[in-house]
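Here is what each chain is made of, one letter per residue.
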Amino acid sequence: MNSFTRRMMVGTAIAAVALGGSVGALVAQEKPVIATVVKISGIPWFDRMNTGVVAFQEANADVVARQSGPATADSAQQLQIVNDLVAKGVNALAVVPMDPAVLEGTLQRAMERGIVVVTHEADNQINTNANVEAFDNADYGAALNERLAECMGKEGKWTTFVGSLGSRTHMQWVGAGEENAKKYAGMQLVDANNESFDDANATYEKAKEILRKHPDIKGFQTSAGNDVLGVGRAIDEAGLSGKVCLVGTGLPNPSADLLESGAITAIGFWDPQKAGMAMNTVAKLLLEKKELTDGMDLGVPGYEKVSVKQGAGKGLLVVGNGMVLADKATYKGFLF
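The following paragraphs examine the structure supplied in this document. (Residues numbered from 1 in each chain as written. Predicted model: local features only at pLDDT ≥ 70, side-chain atom pairs only at ≥ 80, totals over all residues. Heavy atoms only, no water.)

### Focus on the overall build of the protein chain
- The helix and strand tally for the protein chain stands at 11 helices and 14 strands.
- For 336 residues, the compact-globule estimate of 2.2 N^0.38 gives 20 Å, and the C-alpha radius of gyration of the protein chain, at 20 Å, lies within 12% of that figure.
- Projected onto the principal axes, the alpha-carbon positions of the protein chain cover approximately 70 × 40 × 35 Å.
- By residue count, 57% of the 336 residues in the protein chain fall in the buried class.
- Taking as baseline every contact in the protein chain between residues at least 6 positions apart, the subset at least 24 positions apart corresponds to 67%.
- Accessible surface for the protein chain amounts to roughly 13300 Å². Of this, 51% is attributable to carbon and sulfur atoms.
- Between the centroid of the 31 positive side chains of the protein chain and the centroid of its 38 negative side chains there is a distance of 2 Å. (Helix = DSSP H or I, 4+ residues; strand = E, 2+ residues; numbered from the N terminus. Rg over C-alpha atoms; globule rule 2.2 N^0.38 Å. Buried < 20%, exposed > 50% of the residue type's maximum accessible area, 1.4 Å probe, protein only. Contact = heavy atoms within 4.5 Å. Areas by Shrake-Rupley, 256 points an atom, 1.4 Å probe, with all protein chains shown as cover. Lys, Arg positive; Asp, Glu negative; His and termini not counted. Charge placed at Lys NZ, Arg CZ, Asp CG, Glu CD.)

This is the structure:
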């Protein structure tokens with residue numbers, strides 16, 4: 001029995017140990033295991049992604065698909081989870097890296113063992129068979145900033161938040177935002193790239209500090225899913241709702257109250273549920289030795305006609321068209 005066949009024989013008993021979740025009721029069986037590993041468990045963004053993994057599992061009874069992640073947004077904790085899954089011999093990894101560089105060595109070892117690797121939010125990942133993006137990241141960052149500039153009257157001080165300086169997509173978004181803002185001579189970037197580690201409370205404290213330091217600040221562009229909640233709370237409590245602009249990545253349900261109050265101007269997002277489904281779909285296609293082709297339909301909304309081209313390493317870059325911008329007038333059309 002070769003190494004690939006042994007991995008294909010990995011039972012769900014191993015998945016129960018490795019992947020967590022409601023695995024106690026699983027019966028050991030000869031099915032390939034696709035392990036999704038997110039940046040952090042227990043926050044709305046990745047809870048929503050888990051619904052996609054569950055939906056994929058329900059539609060694909062011939063595989064075992066489960067999601068796990070660290071309790072805090074920590075690249076070292078995420079690395080340990082991925083290391084453990086590789087050691088246990090899962091068949092495929094679908095990873096949303098906290099810091100792509102930290103995972104390179106482990107993902108290389110996984111691929112050398114024949115484990116399929118699919119990543120998301122990491123178009124610079126070298127050791128991956130395919131990286132799946134919901135959209136072009138530069139376009140997204142520019143779109144967020146253009147909405148912010150519109151709110152700010154295209155002038156005044158503004159700042160940026162990222163989940164971490166190692167978070168590839170977040171740095172792309174704020175970088176594209178900075179480039180977009182250069183069109184407007186009156187926009188002045190101050191104290192850029194504040195790290196939030198996706199902690200709404202820590203972001204709230206940092207936003208209060210920035211508001212004290214720059215009482216004339218007019219705008220915030222944020223990246224991690226919880227950033228709009230922390231910054232929005234600080235703006236709201238300062239009585240600045242509708243006066244200081246806030247545009248960033250966030251989900252409609254958690255952002256609803258702050259959108260209604262005007263503390264959040266607009267949110268940008270893609271549906272993490274659909275991203276989870278798309279990653280797992282690509283992983284299964286690769287396990288089945290099927291080719292990823294430009295323009296193909298993954299059977300997932302927002303990924304019906306994906307762009308497929310060479311990625312940063314030997315793998316492919318798969319890009320969908322799932323970007324959404326919503327504000328107080330439109331967010332109710334995307335309640336999740």
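### Section: the pattern of salt bridges
- Per the counting criterion, the structure on display carries 17 salt bridges.
- Note that Arg 168 is salt-bridged to Asp 123, the shortest N-O span being 2.6 Å. Highlighted residues: Arg 168 in helix α7 (residues 168-181) and Asp 123 in the loop between β4 (116-120) and β5 (130-133), separated in sequence by 45 residues.
- Notably, a salt bridge pairs Glu 209 with Lys 206, separated by 3.2 Å at the nearest N-O pair. With Glu 209 and Lys 206 both in helix α8 (residues 200-213) and 3 residues apart, the pair spans about one turn of that helix.
- On the basis of relative accessible area, Glu 209 is assigned to the partly exposed category, the value being 39%.
- Through salt bridges with shared partners, one network takes in Asp 62, Lys 284, Glu 288 and Lys 290. (Salt bridge = Lys/Arg side-chain N within 4 Å of Asp/Glu carboxyl O.)

### Section: the layout of surface pockets
- Taken as a whole, the largest pocket holds about 200 Å³ of empty space.
- In terms of lining residues, the largest pocket is bounded by 13 residues, among which Met 111, Val 116, Thr 128, Asn 129 and Leu 286 are the most central.
- Counted by class, the lining of the largest pocket contains 7 nonpolar, 4 polar and 2 charged residues. (1 Å grid on protein atoms, 1.4 Å probe; cavity = no way out; pocket = protein on both sides within 12 Å on 5 of 7 lines; lining within 4 Å. Points joined across faces, edges and corners; volume = space filled by probe spheres on them. Nonpolar A, V, L, I, M, F, W, Y, C, P; charged D, E, K, R; others polar.)

### Concerning the state of the cysteines
- Taken as a whole, this structure holds 1 disulfide when the rule is applied.
- Covalently, Cys 151 is tied to Cys 245 through a disulfide, its sulfur atoms 2.1 Å apart. Since a negative S-S torsion denotes a left-handed disulfide, the Cys 151-Cys 245 link at about -80° is left-handed. Taken together, the positions of Cys 151 in helix α6 (residues 137-152) and Cys 245 in strand β10 (residues 245-249) put the pair 94 residues apart, joining distant regions of the chain.
- You can call Cys 245 buried: its relative accessible area is 4%. (Disulfide = S-S within 2.5 Å.)

### Considerations on the sheet that holds strand β1 (residues 33-37)
- Strand order in the open sheet formed by 7 strands is β2-β1-β3-β4-β5-β13-β12, with mixed pairing between adjacent strands. Sheet topology places β2 (64-68) and β12 (307-310) at the edges, where each strand pairs with a single neighbour. Averaged over all pairs of adjacent strands, the angle between their axes in this sheet comes to 20°, without regard to strand direction.
- Here β4 pairs with β5 via 3 bridges, running parallel. Residue pairing across strands places Thr 119 opposite Asn 131, the latter belonging to β5.
- Each of β1, β2 and β4 is contacted by helix α3 (residues 44-59), which is oriented at about 170° to β2, the strand it contacts most.
- Each of β1, β2 and β3 (92-95) is contacted by helix α4 (residues 75-88), which is oriented at about 175° to β1, the strand it contacts most. (Pairing = 2+ DSSP bridges. Axes fitted to C-alpha atoms, helices over the stretch in contact; angles between N-to-C directions.)

### Let's talk about the packing of α8 against helix α9 (residues 227-237)
- For the pair α8 and α9, the least separation of the axes is 7 Å and the interaxial angle reads 45°. Judged on the interaxial angle alone, α9 and α8 are oblique. You can see that α8 and α9 cross each other, and the crossing is right-handed. In this structure, α8 contributes Ala 200, Asn 201, Thr 203, Tyr 204, Ala 207, Lys 208 and Leu 211 to the contact, and α9 contributes Asp 227, Leu 229, Gly 230, Val 231, Arg 233, Ala 234, Ile 235 and Glu 237. (Parallel < 35°, antiparallel > 145°, perpendicular 65-115°, else oblique. Left-handed = near helix turned anticlockwise from the far one by under 90°.)

### A look at the environment of Val 324
- Inspection of the secondary structure puts Val 324 in strand β14 (residues 324-327).
- Looking at Val 324, the relative accessible area reads 19%, which means it is buried.
- For Val 324 and Arg 147, which are 177 residues apart along the polypeptide, the C-alpha to C-alpha distance reads 12 Å.
- Setting aside anything within four residues of it in sequence, one finds Val 324 in contact with Ile 267, Gly 268, Phe 269 and Phe 334.

### Some points on the side chain of Gln 172
- Topologically, Gln 172 is positioned in helix α7.
- Of the polar contacts made by the side chain of Gln 172, one reaches the side chain of Asp 123; its length is 3.0 Å.
- In this structure Gln 172 touches Asp 123 and Asn 137, once residues within four positions along its chain are discounted. (Polar contact = N/O pair within 3.5 Å; in protein donor to acceptor, adjacent residues only side chain to side chain.)

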